[in-house]
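# Fold and geometry: a report
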Amino acid sequence: MKRNTIAAAFILAGTILVGSLSGCMPSNASNVTKSNAVAANAATSGQPKLSPAQRAQKRDELRKQVEAVLTPEQVKQLDAKIKGGEKMRKALNELNLSADQKNQVKGILKAAYPRAQNGQSGAKAK
């Protein structure tokens, strides 16, 4: 009788150990769910994937729209900053824009990149 009790205790302890170890390990199901959610989000974002040439064309059009709001001196400063390797948003933040210019540029960028304004990216939500 004592052997059966000891054997049952070992089996029970082994089952608890194995169960607790598997509870600590990440399951593959959560990884699949995350990748499916990312794929579904990309598919339903409303913005089709663009080729590099199309992205370059979109950037050029956006830049022309922004430059139309700026003064000639600001356009020169923006060109110099972009040619120096800065990103457009950072370069725009460093220009001395009036409140009206800031609102116009913000509207242009929001229309061009509506998803970036929804708080999904901290750096782009400025």
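### Comments concerning the overall build of the protein
- When you go through the protein residue by residue, the secondary structure sums to 6 helices and 0 strands.
- Of the regular secondary structure in the protein, the N- to C-terminal order runs α-α-α-α-α-α.
- Scored against the burial criterion, the 126 residues of the protein give a buried share of 15%.
- Look at the contacts in the protein between residues 6 or more apart in sequence, and 50% of them connect residues 24 or more apart.
- With the model as given, the accessible surface of the protein reaches about 9800 Å², and the carbon-plus-sulfur share is 59%.

### Considering the environment of Leu78
- The residue Leu78 is located in helix H4 (residues 72-83) in this model.
- Look at Leu78 and you get buried, because its relative accessible area is 0%.
- Through-space distance from the C-alpha of Leu78 to that of Lys90 is 9.9 Å; in sequence the pair is 12 residues apart.

### So, the nonpolar core
- Core analysis: the largest hydrophobic core is formed by 15 residues, its most contacted members being Val66, Leu70, Leu78, Leu92, Leu95 and Val105.
- Going through the elements one at a time, helix H3 (52-69), H4, helix H5 (88-94) and helix H6 (99-112) are the ones with two or more residues in this core.
- The element best represented in this core is H6, accounting for 4 residues.
- Not counting chain neighbours up to four residues away, the residues in contact with Leu95 comprise Leu70, Gln74, Gln77, Leu78 and Lys81.

### Side note on the packing of H3 against H6
- Put simply, H3 and H6 touch, their axes get as near as 9 Å, and they point 165 degrees apart. What the angle tells us is that H3 and H6 run roughly antiparallel. Considering only the axes of H3 and H6, their crossing is right-handed. On the side of H3, the interface is formed by Lys58, Leu62, Gln65, Val66 and Val69, while H6 contributes Gln101, Gln104, Val105, Ile108, Leu109 and Ala112.
- Among the residues forming the contact of H3 with H6, the class breakdown is 7 nonpolar, 3 polar and 1 charged.

### Description of the pattern of salt bridges
- Using the criterion set out here, one finds 3 salt bridges in the structure.
- The partner of Asp79 in a salt bridge is Arg63, with the nearest N and O atoms 2.1 Å apart. Here Asp79, found in helix H4, pairs with Arg63, found in helix H3; they are 16 residues apart in sequence, far enough to count as distant.
- A salt bridge links Lys81 to Glu94, with the nearest nitrogen and oxygen atoms 3.1 Å apart. Within this pair, whereas Lys81 is found in helix H4, its partner Glu94 is found in helix H5, the two being separated by 13 residues in sequence.
- One salt-bridge network, in which partners are shared between bridges, spans Arg63, Glu67 and Asp79.

What counts as what
- Residues numbered from 1 in each chain as written.
- Predicted model: local features only at pLDDT ≥ 70, side-chain atom pairs only at ≥ 80, totals over all residues.
- Heavy atoms only, no water.
- Helix = DSSP H or I, 4+ residues; strand = E, 2+ residues; numbered from the N terminus.
- Buried < 20%, exposed > 50% of the residue type's maximum accessible area, 1.4 Å probe, protein only.
- Contact = heavy atoms within 4.5 Å.
- Areas by Shrake-Rupley, 256 points an atom, 1.4 Å probe, with all protein chains shown as cover.
- Core = buried A, V, L, I, M, F, W, Y, C linked by side-chain atoms within 4.5 Å.
- Axes fitted to C-alpha atoms, helices over the stretch in contact; angles between N-to-C directions.
- Parallel < 35°, antiparallel > 145°, perpendicular 65-115°, else oblique.
- Left-handed = near helix turned anticlockwise from the far one by under 90°.
- Nonpolar A, V, L, I, M, F, W, Y, C, P; charged D, E, K, R; others polar.
- Salt bridge = Lys/Arg side-chain N within 4 Å of Asp/Glu carboxyl O.

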